[in-house]
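Each chain, written out:
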Amino acid sequence: MSGALSPSARRIQDLLDSLGFGHRVVEHEGSTRTSEDAAAAVGCDVAQIAKSLIFRAKETARPVLVIASGANRVDEKAVGRLIGEKIERADPEFVRESTGFAIGGVPPIGHAVPPLVLIDADLMALDALWAAAGTPNAVFRLTPDELVRITGGRVDVVRKS
């Protein structure tokens, strides 16, 4: 871990500071790109990783952010039912254009285009979560309630059974 944050991680730290929760972005030497990597880096269970996945609404082309437990796979059909239109996986260009971040470092906040946000109900049972902070090796810690407050997301079942 180094002292100075990269520009993308600094953007998230500044946004977190403006929200007043006292969260700290931590950049690791190794990757936190996957849920497994992130859990190993911070010493938590993979379920505590709040992974930010961007989908594209098929009809409106609106970005849809699903914040899922690192232990879960997203049920895309369920997400489509919840938002009232089918979704498709977003390509890297759409992710970067709509969020301002590259895949593997997409945070739950600070997106270029405000997304429709769904939060995995399984995250709500945990004490602490870790989310990406703008780069594939930066994360920050927060509670499930804080995640809901800072994203304005709707909590629902998005996990594939």
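One can find the structure itself at the top, above this paragraph.
Residues numbered from 1 in each chain as written. Predicted model: local features only at pLDDT ≥ 70, side-chain atom pairs only at ≥ 80, totals over all residues. Heavy atoms only, no water.

Enumeration over the complete set of coordinates arrives at six salt bridges. Residue Arg159 is joined to Asp122 by a salt bridge in which the shortest nitrogen-to-oxygen separation is 2.6 Å. Taken as a pair, Arg159 in the segment after strand E8 (154-156) and Asp122 in the loop between strand E5 (116-120) and strand E6 (129-132) lie far apart in primary sequence, 37 residues in all. On the basis of relative accessible area, Asp122 is assigned to the partly exposed category, the value being 29%. Between Arg154 and Asp156 there is a salt bridge; the shortest N-O distance is 3.2 Å. Residue Asp156 is classed as partly exposed on the basis of its relative accessible area of 22%. (Salt bridge = Lys/Arg side-chain N within 4 Å of Asp/Glu carboxyl O. Helix = DSSP H or I, 4+ residues; strand = E, 2+ residues; numbered from the N terminus. Buried < 20%, exposed > 50% of the residue type's maximum accessible area, 1.4 Å probe, protein only.)

Let us look at helix H2 (residues 35-42). Regarding H2, the residues found buried are Ser35, Ala38 and Ala39. One face of H2 carries all of its buried residues, which in axial projection span an arc of 100°. Residues of H2 that are exposed and point more than 90 degrees away from the buried face comprise Glu36 and Ala40. Buried residues along H2 sit against strand E2 (49-57). Two residues or fewer after H2 comes Gly43, characterised by a positive phi angle close to 75°. (Arc of directions from axis to C-beta. Contact = heavy atoms within 4.5 Å.)

Attention now goes to the nonpolar core. Judged by nonpolar contacts, the single largest core of 26 residues is most densely connected at Val25, Ile67, Phe140 and Leu147. Elements represented by at least two residues in this core include exactly helix H1 (7-19), E2, strand E3 (63-69), helix H4 (92-99), E5, E6, strand E7 (138-142) and helix H5 (144-151). Val64, Val66, Val79 and Val158 belong to the second-largest nonpolar core, a separate cluster that totals eleven residues. (Core = buried A, V, L, I, M, F, W, Y, C linked by side-chain atoms within 4.5 Å.)

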